[in-house]
There are 2 protein chains.
Amino acid sequence: MTSVYGFSPSGNCHKVRLLLAQLRREYRWVETDSSIGATRTPEYLAKNPNGKVPMLELDDGRVLVESNAILCWLADATPYLPADAWQRAQALSWMFFEQYSHEPYVAVARFICGWTPADSPRRDDLPRLRERSHDALRVMERHLAAHPWFTGGQYGVADVALFAYTHVAPHGGVSLDPYPHIRDWITRVQATPGFVPMPAPDAAAQGRIDASA
Amino acid sequence: MTSVYGFSPSGNCHKVRLLLAQLRREYRWVETDSSIGATRTPEYLAKNPNGKVPMLELDDGRVLVESNAILCWLADATPYLPADAWQRAQALSWMFFEQYSHEPYVAVARFICGWTPADSPRRDDLPRLRERSHDALRVMERHLAAHPWFTGGQYGVADVALFAYTHVAPHGGVSLDPYPHIRDWITRVQATPGFVPMPAPDAAAQGRIDASA
């Protein structure tokens, strides 16, 4: 059975969980807490030298890393990846946007608020991260003013990728109030068949998030 | 004719130029100097709200952004993109690695050295950027110890993506001396059919690069 190595509160990992659920695929989840070094052990680094989650492992031991590449592999030849080459390229474009212009700000602001100590020097970065987060959200809002989804004509991989950290942006002090189209899109994603919610942060993380507000 | 909006010294833009040359495709290059705001004009932002180069524009006005998505679109149904789904996923994985774990360090160190003033406060980031650059290069070196290419069994999109900034890493003060497999791979890439070199930095940028060494 396919194994997914993932850290449950991670949006990058939730992407894989969500799409596997929607594809009704059986898999084994191997909880791998990157916040306490579980991706830096010799055993893990032997499988993924870049030391990150999520990681997909097939029965025969072959490994695939990078959340958005995993989504494309899982969605290949399903309605979650457009069959049309131009629409597939547009979906990929949004997935690269997610990893370059969105996740390094929206996800990192959330991580700092929820998973670093209240006196972490990384908190000095929050104003800049939040400003860049809003830059990314404005680009998304503008797209959604004219299109219902990010994956061509219907819900798919790019929506899964962008949903992960967008819907929990407020954990990092990034309000979604200015973005009515994003809020409507989040509601549409949550109503897709087989949708599973992202696990809530544990009590300690939620306490830090509340204290960062 | 397809238009490519690009800034010539940019590795992300060179990716598109290189693959188009290797595909023997005609195109129009529209020089767009992002270092002096040419991607922030109202006209440009109307086409690409994220305000970045490269951007591909088709005859009918349709636009595609994100360098690695452009590569996948151009390479679709050619030998530069693997036909096998698993190998295609691995190539995508390396392309996401490039944008998340490589470009933000290797390319940014180079940009700071060559395209910011000698007294830029951004230069304080260089030690951290160089350390992370070496992390990425070590992951590449390890792969190349066992495989000739990053795009499955032959040269293709992931090699184009990773070549762009890797071969000019020394511009950012990131030496390739510790990486013999990377240096051999660079030589192999430069020997592929239709290869075109990346334009050299102009004299002012080269002067700043030399002064940063």
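For clarity, every value in this text was computed on a predicted model and none was experimentally measured. (Residues numbered from 1 in each chain as written. Chains lettered and ligands numbered in written order. Predicted model: local features only at pLDDT ≥ 70, side-chain atom pairs only at ≥ 80, totals over all residues. Heavy atoms only, no water.)

### Structural notes on the state of the cysteines
Any covalent bond linking the sulfur atoms of two cysteines counts as a disulfide. Rules: When two cysteine sulfur atoms lie within 2.5 Å, the pair is treated as a disulfide.
Using the criterion set out here, one finds zero disulfides over all chains in the structure. Unpaired in this structure, C13 of chain B has its nearest cysteine sulfur neighbour in C72 of chain B, at a distance of 17 Å. Its sulfur unpaired, C72 of chain B is 8.4 Å from the next cysteine sulfur, which belongs to C72 of chain A.

### Structural notes on the domain arrangement of chain A
Residue and element names in this part refer to chain A. Using the following cut-off: The split into domains, and so the bounds of each, comes from an automatic or database assignment of domains. For this analysis, residues touch if any pair of their heavy atoms sits within 4.5 Å. Once two parts are brought into contact, the accessible area they lose, counted with a 1.4 Å probe and summed over both, makes up the buried area. Two N or O atoms form a polar contact when they lie within 3.5 Å of each other; inside protein one atom must be a possible hydrogen donor and the other a possible acceptor, and for residues adjacent in sequence the pair counts only when both atoms belong to side chains. Helix and strand definitions here come from DSSP, where helices need a minimum of 4 consecutive H or I residues and strands a minimum of 2 consecutive E residues; each element is numbered from the N-terminal end. For this scheme, ten residues count as nonpolar: Ala, Val, Leu, Ile, Met, Phe, Trp, Tyr, Cys and Pro. Four count as charged, namely Asp, Glu, Lys and Arg, and the remainder, Gly too, count as polar.
In terms of domain boundaries, chain A breaks down into domain 1 (3-75) and domain 2 (85-212). Look at where the C-alpha atoms of domain 1 and domain 2 centre, and you get two points 19 Å apart. Facing the 19 residues of domain 1 at the interface are 22 residues of domain 2. A combined buried area of about 1,700 Å² lies between domain 1 and domain 2, and 65% of that area is made up of carbon and sulfur atoms. There are 13 residue pairs in polar contact (both at pLDDT 80 or more) connecting domain 1 and domain 2. Looking at the side of domain 1 that touches domain 2, the elements that each hand over two or more residues are α1 (11-22) and α3 (67-75). Examining the composition of the side of domain 1 that touches domain 2, we find that nine residues originate from one element, α1, more than from any other. Of the residues contributing to the side of domain 1 that touches domain 2, the split by class is eight nonpolar, eight polar and three charged.

### What about the UniProt feature "domain: GST N-terminal" (unreviewed entry) in chain A?
Going by this rule: UniProt positions are given in the numbering used here, feature names are shortened, and annotations may be inferred rather than shown by experiment.
When the UniProt feature table is mapped to this numbering, "domain: GST N-terminal" (unreviewed entry) covers residues 1-82 of chain A. From the first C-alpha to the last, residues 1-82 of chain A spans 26 Å; its make-up is 33% helix and 17% strand.

### Quick notes on helix α1 (residues 11-22) of chain B
Residue and element names in this part refer to chain B. Our working rule: Helix span, expected: 1.5 Å multiplied by one less than the number of residues in the helix. Throughout this description, buried means an accessible area under 20% of the type-specific maximum (1.4 Å probe, protein chains only), exposed means over 50%, and partly exposed covers the range between.
Taking 1.5 Å per residue as the helical rise, α1 with its twelve residues ought to reach 16 Å, and the 16 Å between its terminal C-alpha atoms agrees with that figure. Of all twelve residues making up α1, eleven are buried, and the element is well covered by its neighbours. G11, N12, C13, H14, K15, V16, R17, L18, L19, L20 and Q22 are the residues of α1 that are buried. Buried residues along α1 sit in contact with β1 (3-6), β2 (28-31), α3 (67-75), α4 (85-115) and α6 (157-166). If you check the start of α1, you find a side-chain oxygen 3.2 Å away from the backbone N of N12, and it comes from S10. Just downstream of α1 lies R24, where phi reads positive at about 55°.

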